[in-house]
Every structure is written in C-alpha cells, then in structure tokens.
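# Notes for the structure review
Here's the letter readout for the chains.
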Amino acid sequence: MAKLWGGRFNESMNELLERFNASITFDKNLWEEDIQGSMEHAKMLYSIGLLEVNELDLILNGLREISSEIIKDKFSFSLENEDIHTAIENELCKKIGQAGKKLHTARSRNDQVALDFMLYCRKANIVLQGLLGKLIQTLLNIAKQHTHTLMPGMTHLQHAQPINFGYHIVAWCMGFKRDIQRLRNSLSMINECPLGSAALAGTPYKNERENLALGLGFESASLNAMDSVAQRDFALDLLYDISMIMLHISRLAEELIIWSSYEFGFVAFADDFATGSSIMPQKKNPDVAELLRGKCGRAYGNLIALLTTMKSLPFAYNKDMQEDKESVFDSVQTAHICLEILNASLKTLHINKENMRKMCEVGHLVATDLADFLVQELGIPFREAHHVTGICVRYAEKEGLDLSQVDIQDLQALLVKELGDGVAINIDKLSSALNLEDSMQRRNSIGGCNSDEVKRQIHVLETWLDI
C-alpha cells in the first residue's frame, strides 16, 4: 500500500515500525467522521475551482461506496494502510483514479485527524447527555412512588435524621443533572472547526474555512491553525466529564451494594440483574453495582493517561497524540454501557419499605427534633437543648430503646428533672417531636425532605428535562 508520505524515502518501512506506528486498529472507529469531513472538503475544493464537477461527483460517489462497504463489513482495514485516513484515501484512489489524489489538497492529516476526533467527541457528548436524561427520568419515576417512604438519612454512614426514599433518589439525580450541564458546557467549547489548518500554518489556498465549519456543524473556523492541530482539550474535557459521570455512578452503586446486604435489606436486584456463587448456593450477588463501582477507576485512568501524554508536548502536532484516541474510545464505551445497565437494573429494583421504616427506629433519628422542640417551645439556647437531649439519648440507650420509643411521660419527667420544675412541657407537642413521620415532614425548607417539597423538586427536575 502506498504511504501518503512515501516519496521522500528510498526504503520501505521496517515491519516492526509498521506495527508500532500504525493506528488503524483503533482509529478505524473514526471512519464515519473521516468520510464526512472528506465530503465537505471536496465540496470546498470544487467551490474554489480546484476540482471539476465530474471529479467532485467521482469523489463523493466513491466515498459513499466506501461508506457502504464499511457498514456491510466488506472493507479491509489493513495494517499497511497505517491509519484510517490513508485507508480511505488509498481505497478511493483505487476506485476513481487521479481524482482521488486531488482530495488531500489544502489539508494535512494533522487537521484531518483533529476534525475527525472532534466530530467523534461531539457525537459521543450528545449521546451521553441522552443516556443521562433517561437515567434521571427512571430515578424520578421511582422517587414519585416513595415521597412518604421513611428511611434513615445518614452522615458518616451513621443514622442521622429521618428522610424519605424519594428524597434520597432526588439527591442522586442532582449529580447526574450536573453531568448533563457539564457535557453541555463542554459541547459549547467544541465549536471551532480545525479543518483547513493544514499541518500547522494554514494553506496558500483560499479554502473557505468558514463555509467548511458551517457545513460540518461548527459555529466558526478555528482562530489559530497551530493551536488547532496541537490541542486535545476537547478530548480531555470529555474524559473529565465521563470521570464525573462515573464518580456519581460509583457512589450510587456503593449505596445499592450496602442497601442490598442482609444487614440493611433496603433493596434487592431482580434475578436477571444479579449473579450467584460457584460454591455457595444461597448467594445473590450485586455484581452489576460492583462492576459499576469498579469501572470508575478505569475512567480515571484514561483521563490521567491523556493528561500525562499532553503535558509536555511542544507545539504543534506530535506523534504522541496518536495515544489520545484509545482512552477516549474506551471511556465513551464504558460510560455508555454503565448508564444503560444502571438504568435498566433500576427499573426492576425491589424496594423494601418495611425494612427502611424499621431501620428508622434505630439510632435515635429524632434527637435533633427533640433539641429543636426545646428551643422552639421553651426558648432555651440550642447548646443547652443539645446537652439535655444527649442526656435523654443516654437514658433511652440504658433502657434498650430508641429515643422515638421512650414512654412519653417518662421522657417528660426526665426533661422536667433536667430543666427545672417550673418548666411546662406540652405532652402532645413533645410526642409529635418524637414522631418519625412528623420529623421528616417538618423539614419543609427549600431543598428539605418534606414530602410536598420533594414533589416540588421532582417537578423542577422534570421541567428541566422537559418531560
């Protein structure tokens, strides 16, 4: 196969270097973007008088034929072709002859690969936004059913205050909402077309770069040709965005793993989204969630790999940058399957409301409510109320009870003892302060866990998603 640069050399490439240098094994993923860019480039060459109309027709039809062959798996991605650009150009020249050799006028593989990769990242960005939107929709559908389902809210993985399960689900949604916003911001940064920058310094041809940009869906041509072929910020942005997506998936997965244990028993995966043990017949393992958690490190590694590759490169293009693609392809594929399987597994997730409610009676979740009651009803300073409530918790533990289960008259007597005989304590209000449902519903500030407030949060997210 002819090298695009072969005229300079007397000897053919060493077979070992051929294998080491080639990127066709992975950059073949960019074939669609490469053909798209070549078609627009050919139209531009015709518009500035460098192609005859019949030559343009030959090139466009030839590229369409190659596209059809690739789709039908009839195209050979030979290692001798070095990269996807060479593979397509060589095949085009075989099909249409001299006209094919004119296609590379006014461009370099440097701006060609920058364009192809940029188009790929744009497309991947949009697909990931769509998958995140579907995941949020699934989560909100679950949240709607559980705005009254009590569960223990935790800090430090210790019981803290009663919330509802729907509220916790909405908290998950917020991270994924930011992921979409982050992707949108990144997409807005990929709006300058590099095609026509050539190797690094532009070209002597009047190559109508602004029209090329618009034809390829960009807002404008890139301002500086050297930067156009030297930068991979758009790829790093996508890798970072995916790393954040995977971070949020991993944290969600960790909670599903914890909640599906016998110790919690809050949730259970459907049989078709769980696995067993080769030796312990009773096991039902949350492998989906564990793999989701594990693949986060893979995404981080891809980000760090490309950051490290780019950190010391001189301007403009360097062959090191061939290492930019595999990490992006892998992260995109990983995020794609993770979002799909997480979404699917959540739709059949079993929610054990009884166990959630039972766990709210462990850990004195209403302690803060008792302290707030003392502040609001008796006007004592919060620090004093905090101290007295601690004494009440100690009493409950001595009795082997949760604070919410202590006899209300016994608690009233203890409070009077600690605060003084002159203190009047309304027993009905005290009883309400220790009621788990009332505790959850009292937190009705913006962003709180009150059922109506959670429904409002769900509505805001649905409006944002345009459901």
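Predicted model, so just to flag it, every value in this text is computed and none were measured.

Once that is clear, we can look at the overall build of the protein chain. Tallying secondary structure elements over the protein chain gives 20 helices and six strands in all. For a compact globule of 467 residues, the expected C-alpha radius of gyration is about 23 Å, and the protein chain comes in at 31 Å, more than 25% above that figure. Residues counted as buried form 51% of the 467 residues belonging to the protein chain. Accessible surface computed for the protein chain: about 22900 Å², of which carbon and sulfur atoms make up 51%. The average position of the 47 basic charges and that of the 63 acidic charges among the side chains of the protein chain differ by 2 Å.

Bringing helix 20 (residues 451-465) into the picture now. Taking 1.5 Å of rise per residue, 15 residues should cover 21 Å, and helix 20 covers 21 Å from first to last C-alpha, within 8% of that figure. Elements that come into contact with the buried residues of helix 20 comprise helix 7 (109-144), strand 2 (158-164), helix 8 (165-189) and helix 19 (436-442). One side-chain oxygen of the residue at the start of helix 20 lies 2.9 Å from the amide nitrogen of D452, identifying that residue as N450. Positive backbone phi, at 65°, marks D466, one or two positions downstream of helix 20.

A word on unusual backbone geometry. Note the cis peptide between F315 and A316, where omega equals 10°. Here A316 lies in the loop between helix 12 (287-310) and helix 13 (325-347). Even without glycine at this site, E208 takes up a positive phi of about 45°. Overall, E208 belongs to the partly exposed group, its relative accessible area being 32%. The phi dihedral of H364 is positive, around 60°, even though this residue is not glycine. Checked against the element boundaries, H364 lands in the loop between helix 14 (353-359) and helix 15 (367-378). The exposure class of H364 is buried, given its relative accessible area of 12%.

A few words on the UniProt feature "domain: Argininosuccinate lyase C-terminal" (unreviewed entry) in the protein chain. UniProt records the feature "domain: Argininosuccinate lyase C-terminal" (unreviewed entry) at residues 365-440, using the numbering of this structure. For residues 365-440, the end-to-end C-alpha separation is 10 Å, with 70% helix and 0% strand making up the annotated structure.

Nonpolar side chains collect at one region of the surface, where L200, M226 and F315 lie side by side and expose about 290 Å² of accessible area between them. Tracing the backbone shows F315 in the loop between helix 12 and helix 13.

What follows is about the domain arrangement of the protein chain. Taken domain by domain, the protein chain consists of domain 1 (15-105), domain 2 (110-352) and domain 3 (359-462). Each of domain 2 and domain 3 has a C-alpha centre, and the two are 41 Å apart. Between domain 2 and domain 3, the residue contacts involve 24 residues of the former and 23 residues of the latter. Contact between domain 2 and domain 3 buries roughly 2000 Å² in total, counting both sides, with carbon and sulfur atoms accounting for 70%. Of all residues in domain 2, H159, P162 and Y167 bury the most surface against domain 3, accounting for 29% of the area lost on that side. Counting the contacts that link domain 2 with domain 3 gives one salt bridge. Salt-bridge contacts for K144 lead to E462; the nearest nitrogen and oxygen are separated by 2.5 Å. Seen at the junction of domain 2 and domain 3, the total is nine residue pairs in polar contact (both at pLDDT 80 or more). For the side of domain 2 that touches domain 3, the secondary-structure elements that each account for two or more residues are helix 7, strand 1 (150-155), strand 2 and helix 8. Split into classes, the residues belonging to the side of domain 2 that touches domain 3 amount to 14 nonpolar, seven polar and three charged.

To continue, consider the pattern of salt bridges. Under the counting rule described, the total for this entry stands at 23 salt bridges. The shortest N-O distance in the salt bridge between E33 and K123 comes to 2.8 Å. Of this pair, E33 sits in helix 3 (residues 31-47) while K123 sits in helix 7, and the two are 90 residues apart along the sequence. We classify E33 as buried; its relative accessible area is 3%.

With that out of the way, let us pick up the packing of aromatic side chains. In the structure shown here, the tally under the stated rule is eight aromatic pairs. Here the aromatic rings of F117 and F234 are separated by 5.6 Å at their centres, their planes lie at 75°, and the arrangement is edge-to-face. Of this pair, F117 sits in helix 7 while F234 sits in helix 11 (residues 233-259); the two residues are 117 residues apart in sequence, bridging distant segments of the chain. When sorted by exposure, F117 lands in the same class as F234, which is buried. With a centroid separation of 6.3 Å and 80° between ring planes, the pair formed by F117 and F329 is classed as edge-to-face. Highlighted residues: F117 in helix 7 and F329 in helix 13, separated in sequence by 212 residues.

Across the interface, helix 3 lies against helix 7 with an axial gap of 9 Å and an inter-helix angle of 120°. It follows from the interaxial angle that helix 3 and helix 7 lie oblique. Every pair of crossing elements has a handedness; the one defined by helix 3 and helix 7 is right-handed. Facing E32, E33, D34, Q36, G37 and S38 of helix 3, the residues of helix 7 in contact are Q112, L115, D116, L119, Y120 and K123.

Note: strand 1 against strand 2, six bridges, orientation antiparallel. Across the sheet, the residue bridging to T155 is Q158, located in strand 2. In textbook terms, the turn of a hairpin is the stretch between consecutive antiparallel strands, and for strand 1 and strand 2 this stretch comprises two residues, one of which, H156, has a positive phi near 60°.

Together, E192, E219, D227 and D233 make up a region of like negative charge exposed at the surface. By the element assignment, E192 lies in strand 3 (residues 192-193). Since its relative accessible area comes to 41%, E192 is described here as partly exposed.

Looking now at the packing of helix 7 against helix 20. Contact pair helix 7 / helix 20: the axes reach a minimum separation of 11 Å and the direction vectors enclose 155°. Relative to helix 20, the element helix 7 is oriented roughly antiparallel. Where helix 7 crosses over helix 20, the two elements pack in a sense that is left-handed. Contacts from G133, I136, Q137, L140, A143 and K144 in helix 7 reach I458, L461, E462 and L465 in helix 20. Its residues placed into classes, the contact of helix 7 with helix 20 shows six nonpolar, two polar and two charged.

Calculation notes
Residues numbered from 1 in each chain as written. Predicted model: local features only at pLDDT ≥ 70, side-chain atom pairs only at ≥ 80, totals over all residues. Heavy atoms only, no water. Helix = DSSP H or I, 4+ residues; strand = E, 2+ residues; numbered from the N terminus. Rg over C-alpha atoms; globule rule 2.2 N^0.38 Å. Buried < 20%, exposed > 50% of the residue type's maximum accessible area, 1.4 Å probe, protein only. Areas by Shrake-Rupley, 256 points an atom, 1.4 Å probe, with all protein chains shown as cover. Lys, Arg positive; Asp, Glu negative; His and termini not counted. Charge placed at Lys NZ, Arg CZ, Asp CG, Glu CD. Expected span 1.5 Å × (residues − 1). Contact = heavy atoms within 4.5 Å. Polar contact = N/O pair within 3.5 Å; in protein donor to acceptor, adjacent residues only side chain to side chain. UniProt positions renumbered as here; feature names shortened; annotations may be inferred. Patch = residues over 30% accessible without salt bridge, like charges linked within 9 Å, V, L, I, M, F, W, Y side chains within 5 Å. Salt bridge = Lys/Arg side-chain N within 4 Å of Asp/Glu carboxyl O. Domains from an automatic or database assignment. Buried area = accessible area lost by both parts, 1.4 Å probe. Nonpolar A, V, L, I, M, F, W, Y, C, P; charged D, E, K, R; others polar. Phe/Tyr/Trp six-rings, centres within 6.5 Å; stacked < 30°, edge-to-face > 60°. Axes fitted to C-alpha atoms, helices over the stretch in contact; angles between N-to-C directions. Parallel < 35°, antiparallel > 145°, perpendicular 65-115°, else oblique. Left-handed = near helix turned anticlockwise from the far one by under 90°. Pairing = 2+ DSSP bridges.

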